[in-house]
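Here is what each chain is made of, one letter per residue.
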Amino acid sequence: MSGCYGIRNANGGGDIEEIPARRPNPSDIALPAGYKIEAVATNLTFPSAIAFDDSGTPYVVESGYSYGEEWTEPRLLRIEPDGRKVTVATGGKNGPWNGVTFHQGSFYISEGGVLEGGKILRVNPGGQITTMISGLPSYGDHHTNGPVVRDGYVYFGQGTATNSGVVGKDNLEFGWLKRKPDFHDIPCQDVTLNGRDYKTDNVLTDDPDDKARTGPYLPFNTPAKKNQVISGQLPCSGAIMRIPVSGGPAELVAWGLRNPYGMAYSPDGRLFITENAYDVRGSRPVWGTGDVLWEIKPGTWYGWPDYSAGRPVDSKGFKVPGEGKPKPVLAKYPNDPPKPTAVLGVHSSSNGFDFARSTSFGEQGEAFIAQFGDMAPNVGKVLSPVGYKIVKVNTTNGVVTDFAVNKGKKNGPASWLKSGGFERPNAVQFSPDGNTLYVVDFGIMQVTKEKTHPVEGTGVLWKITKGGN
Amino acid sequence: METTRNNKISLLGTLLVSLLIVFASCTYRRSLPLKGPLDTQTASVQKGEVIFMEHCQKCHPQGEGGLGPAINHIPNPPKRLQIRLGLGAMPAFGKDQISKEELDNLMAYLKALRNNKG
């Protein structure tokens, strides 16, 4: 059945032999008629997000950590009109700083927290940092994301520890299982297991004959029991939570989300998020799962780890070619998962997004989404690079349309196309007047079987406006 | 047994597709920023676009390659075959998932996309 697919050439966008110099060139990027793009700042290291103060000045956060286990210093930078960067605040060794927003005179930053756990930070314009909440379960594959401030609350996302609920060999490769051998996913409410668990090598010992059995929501090498109840807790994994702006404990908004990364309110006041879907890795790989744009309905469970985009993982189309079908691990479900607003490219890493709202930019109400691009082969195989562009989504009918893409015979990052276009757009944000769409481009990340190599100093901030020719 | 049968169909399909690829242009990219809006904007094309987004976009973004191969150079008859039979690693889509009418609309969209050469 899958013989042909198995031998097809795999071709992820990170698959480059040499690291080229980054030379941004707007004419290598295609936009719909009437729009133009320019580079605003270059030489950024792992930039992840952007916010604006009351005067409309842009501030970029540099993540300070990247997949590939690269640590640098997380920073909040003010971008001057001439592109110069002025450091406002710096973090310790607890990146990645994944998101930033500005509200009533302060910045709010989600600190991924690979080493010390996730946090939400408040940073005043003088650079003083206050921790609003700490100890978020961020030691694993996915981290603390968001935030947005609305109606007196800071909303944030918390990614899961694992790909699909079960700690395994892939987590050793990520780097954290050695650091945190007891870490695992935490449900937000009680879940009942159906008893399915997964046999692997015991990767925490050197003995090749030593085997492990691991169940979902459990530490590595802890088997599951039929009808075992895992108690829900807060804070939890794979969820949207919120804390009062005045401080206080985490409250649950929604859960059952794998890695809720981007977060934005639509002009009509609805909360949306982007979810990075399953990879083909670990003990419980799931194939063909598209990233999702979801509208968040408070109190709802969105399906992880037994559904993808509202469909059960054991239904047609999620079986890894040449391997078995993924099987459910939960005995019952809190609710039927909702229907997605839009399904985006498999492995596109659809991340930060924002809604258009000005007549001068046009496209009012459309969601503009930055696609970081695939990390094949680590996430699974792709036949062509996926992502590396800006798409827009009509939230009424789910139609996804390319908006800003690299020119070339094929789609892919600039380093792969040998051009001066986008590398890995990680966030987009409209300026406060809505007339300019800023694009935070993380920079070059080489991904091969042997290594994940993010390249310092290759990040770029772009801006798109309408009214060119 | 299932495997052999499918491999045969797959081989036939591939042959058919390869034969028809004489019509292929040199790039498979057809999307808005590169080629402008679709020339054909009938109600059927618009409905077909929504079907494409629900069932195909994630693996063939804008008809380009991704998890699956590019499909913008392929004419409609072998595409229809591929959708119903799901040759190779791609899942098949039965009438319960995509009705006959929806498939016709999807085909109208795929044709408009394929012909959108700027």
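See the structure shown above.
The text that follows walks through the structure, step by step, so that each part is easy to find. (Residues numbered from 1 in each chain as written. Chains lettered and ligands numbered in written order. Predicted model: local features only at pLDDT ≥ 70, side-chain atom pairs only at ≥ 80, totals over all residues. Heavy atoms only, no water.)

## So, the interface of chain A and chain B
As a reminder, the rule being used: Contact definition: two residues touch when any of their heavy atoms are within 4.5 Å. Accessible surface is computed with a 1.4 Å probe, and the buried area is the amount of it that two parts give up when combined, taken over both parts together. Each salt bridge in this description consists of a side-chain nitrogen of Lys or Arg and a carboxyl oxygen of Asp or Glu lying within 4 Å of one another. Polar contact criterion, stated in full: a pair of N or O atoms within 3.5 Å, where within protein one must be able to donate a hydrogen and the other to accept it, and residues adjacent in sequence count only if both atoms are side-chain atoms. The helix count covers DSSP runs of H or I at least four residues long, the strand count covers runs of E at least two residues long, and both are numbered beginning at the N terminus. Charged means Asp, Glu, Lys or Arg here, nonpolar means Ala, Val, Leu, Ile, Met, Phe, Trp, Tyr, Cys or Pro, and polar covers whatever is left, Gly included.
Each partner contributes residues to the interface: chain A has 43 residues there, and chain B has 33 residues. Of the roughly 2800 Å² buried where chain A meets chain B, counting both sides, 60% is carbon and sulfur surface. Along the contact surface separating chain A from chain B lie 0 salt bridges. Linking chain A to chain B there are 13 residue pairs in polar contact (both at pLDDT 80 or more). Of the residues forming the side of chain A that touches chain B, the biggest block, 7 residues, is contributed by strand S30 (residues 400–406) of chain A. For the side of chain A that touches chain B, a count of residues per class yields 21 nonpolar, 13 polar and 9 charged.

## Concerning empty space enclosed by the protein
Residues and elements named next belong to chain A. Threshold: In this analysis, the protein atoms alone were mapped onto a 1 Å grid. Cavities are point sets where a 1.4 Å probe fits without being able to get out; pockets are open sets with protein on both sides within 12 Å along at least five of seven lines; lining residues have an atom within 4 Å of a point. Grid points are joined across faces, edges and corners, and a volume is the space filled by probe spheres set on the points.
Overall, the coordinates contain 2 cavities of 30 Å³ or more when judged by the stated rule. Its volume calculated, the largest cavity comes out at about 60 Å³. In this structure, the largest cavity is lined by 13 residues; those nearest its centre are Glu-275, Tyr-278, Tyr-307, Ser-308 and Ala-309. Contributions of two or more residues to the lining of the largest cavity are made by strand S23 (290–295) and strand S24 (307–308). By residue class, the composition of the lining of the largest cavity is 7 nonpolar, 4 polar and 2 charged. Going through the elements one at a time, strand S26 (342–346), strand S29 (389–393) and S30 are the ones with two or more residues in the lining of the second largest cavity. For the lining of the second largest cavity, a count of residues per class yields 5 nonpolar, 4 polar and 2 charged.

## Comments concerning helix H4 (residues 76–85) of chain B
Residues and elements named next belong to chain B. This is how it is decided: The rule is simple: take the accessible area with a 1.4 Å probe, protein chains only, and divide by the maximum for that residue type; under 20% is buried, over 50% is exposed, in between is partly exposed. The arc in question is traced by the directions running from the helix axis to the C-beta atoms.
Taken residue by residue, H4 has Pro-78, Lys-79 and Ile-83 as its buried positions. Buried positions in H4, seen along its axis, are confined to an arc of 140° and lie on one side of it. Of the residues flanking the end of H4, it is Gly-86, one or two places downstream, whose phi is positive at about 60°.

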